[in-house]
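Architecture at a glance
These are the residues of each chain, in order.
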Amino acid sequence: MLTKRVTVTVHASDPLSRAGVISHLQHQPTIEVIPERTNGAQNDPAVAVMLLDQIDELSTAELRRVVRGGEQRVVLVARELREPDLLAVVEYGVRAIIWRHQATEQRLLAAVHSAARGEGELPPDLISRLLVQVGRLRRATAAGAAAAGAVPVFGMAPREVDVLRLLAEGLDTRQISEKLAYSERTVKNILHALMTRLQLTNRAHAVAYALREGYI
């Protein structure tokens, strides 16, 4: 449970949409909606909720402006995202994505709290699309490294990546152990060691980290 309120800034080109999000959040006891900070403001890091219809040059520039310096963790409420946009928004530091038509008050609140904890949250359909995109990128990178005779350097061991990839696909410990021919204890030990080393709070956080950093 959070011990203090999460400060939130709300960004939207449409004033009515911005007012709607603010009305959802401002009466929540764990949320403090604040005006957009000015340069040099000495506030605690905030969560930025951004409403975008689509990713274009203007919205990309706004997203970069909001995340500049890494101070704000972004929750993106999007009407649509094309596949090439997925990697872009993840690279910009977006922590959570909610489809606009699914942005209920409770989902928005949960996404803000997840972002405040440094965790990620994506709709299930986006996870599968993102995995395809990242997989293509990793295969291309690996092929280039192999052609150059280089060995890619990863912050995660290959078996950690294998476990997290299956975890992201929804498999439980027993199913992962069967897929990889490990014992269930080995799978648990791999996850425990990984989360301890990288200071990840739970399995969902580990998957979100791996997605964000491009390991899976």
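Each remark here, short or long, concerns the structure printed above.
Quick look at the structure, then. (Residues numbered from 1 in each chain as written. Predicted model: local features only at pLDDT ≥ 70, side-chain atom pairs only at ≥ 80, totals over all residues. Heavy atoms only, no water.)

1. A closer look at the environment of H27
Applicable threshold: Put simply, DSSP marks the helices as runs of H or I at least four residues long and the strands as runs of E at least two long, and each gets a number from the N terminus on. The buried label goes to any residue with under 20% of its type's maximum accessible area, the exposed label to any with over 50%, and the partly exposed label to all in between, with areas taken from a 1.4 Å probe on protein chains only. Residues adjacent in sequence count toward polar contacts only when both atoms are side-chain atoms; beyond that, a polar contact is any pair of N or O atoms within 3.5 Å, and within protein one must be able to donate a hydrogen and the other to accept it.
In this structure, H27 sits in the loop between α1 (15–25) and β2 (31–33). A relative accessible area of 49% places H27 in the partly exposed class. In this structure the side chain of H27 is engaged in a polar contact, spanning 3.5 Å, whose partner is the backbone oxygen of H24.

2. Description of the side chain of H113
On the secondary structure map, H113 appears in helix α4 (residues 105–116). On the accessibility criterion, H113 (15% relative accessible area) is buried. Within the structure, the side chain of H113 is placed 3.0 Å from the side chain of T30, a separation counted as a polar contact.

3. Description of the nonpolar core
Which entries qualify depends on this criterion: Side-chain atoms within 4.5 Å are what join buried Ala, Val, Leu, Ile, Met, Phe, Trp, Tyr and Cys residues into a set we call a nonpolar core. In this analysis, two residues are considered to be in contact whenever any of their non-hydrogen atoms come within 4.5 Å of each other.
One finds M156, L164, I176, L191, V207 and I216 to be the most contacted residues of the largest nonpolar core, which totals 22 residues. Tallying contributions element by element places helix α6 (residues 158–168) first for this core, with six residues. Leave out the neighbours within four places in its chain, and L191 touches V163, L164, L167 and R203. Of all hydrophobic cores here, the second largest spans 19 residues; its members include I22, I31, I98 and A111.

4. What to know about the layout of surface pockets
Formally: Here a cavity is any set of points on a 1 Å grid over the protein atoms alone where a 1.4 Å probe fits but cannot get out, and a pocket is any open set with protein on both sides within 12 Å along at least 5 of 7 lines; a residue lines the site when it has an atom within 4 Å of a point. Grid points are joined across faces, edges and corners, and a volume is the space filled by probe spheres set on the points. Each residue gets one label: Ala, Val, Leu, Ile, Met, Phe, Trp, Tyr, Cys and Pro are nonpolar, Asp, Glu, Lys and Arg are charged, and the others, such as Gly, are polar.
Computed from the structure, the largest pocket encloses a volume of approximately 390 Å³. Sorting the residues of the lining of the largest pocket by element identifies β5 (94–99), α5 (124–147) and α9 (203–213) as the ones contributing at least two each. The element best represented in the lining of the largest pocket is β5, accounting for six residues. Its residues assigned to classes, the lining of the largest pocket comprises 16 nonpolar, two polar and four charged.

5. Digging into the pattern of salt bridges
For clarity, the cut-off: The term salt bridge refers to a pairing of a side-chain nitrogen on Lys or Arg with a carboxyl oxygen on Asp or Glu at a separation within 4 Å.
Under the criterion given, the structure shown has five salt bridges. A salt bridge links D53 to R79; the nearest nitrogen and oxygen atoms lie 3.0 Å apart. In this pair, D53 is assigned in the loop between β3 (47–52) and α2 (57–67) and R79 in the loop between β4 (73–78) and α3 (83–91), connecting sequence segments 26 residues apart. Using a relative accessible area of 40% as the deciding quantity, one classes D53 as partly exposed. Salt-bridge contacts for R165 lead to D162; the nearest nitrogen and oxygen are separated by 3.3 Å. You can see R165 and its partner D162 sitting in helix α6, three residues apart, about one turn around the helix.

6. Considerations on the packing of helix α8 (residues 184–198) against α9
Our working definition: Axes here mean lines fitted to C-alpha atoms, for a helix over just the part in contact, with angles spanning 0 to 180 degrees between N-to-C directions. Working definition: roughly parallel below 35 degrees, roughly antiparallel above 145 degrees, roughly perpendicular at 65 to 115 degrees, and oblique for all remaining angles. A clockwise turn of the near helix away from the far one marks a right-handed crossing, whereas an anticlockwise turn of less than a right angle marks a left-handed crossing.
Look at α8 against α9: their axes get within 10 Å of each other, and the N-to-C directions meet at 70 degrees. Considering the angle they form, α8 stands roughly perpendicular to α9. Of the two possible hands of crossing, α8 and α9 adopt the one that is left-handed. Residues K188, L191, M195 and L198 of α8 lie in contact with α9, whose contacting residues are R203, A206 and Y209. Residues that form the contact of α8 with α9 fall into these classes: five nonpolar, no polar and two charged.

7. Some thoughts on the sheet that holds β4
This is how it is decided: Strand pairing is defined by DSSP finding a minimum of two bridges between the two strands.
One open sheet holds the five strands; their spatial order is β2-β1-β3-β4-β5, and the pairing between them is parallel. Of all the strands in the sheet, the pair left with one neighbour each is β2 and β5. Averaged over all pairs of adjacent strands, the angle between strand axes in this sheet comes to 25 degrees, irrespective of strand direction. When β3 meets β4, the two strands line up parallel, connected through six bridges. Following the sheet pairing, L52 is matched in β4 by A78.

8. Regarding unusual backbone geometry
Unlike most non-glycine residues, A181 shows phi in positive territory, near 60 degrees. Summarising the element assignment, A181 is placed in the loop between α7 (173–180) and α8. Residue classification places A181 among the exposed positions, given a relative accessible area of 69%. Look at Q199: it is not a glycine, yet its phi comes out positive at around 60 degrees. Secondary-structure assignment places Q199 in the loop between α8 and α9. Exposure remark for Q199: the relative accessible area of 70% places this residue in the exposed category.

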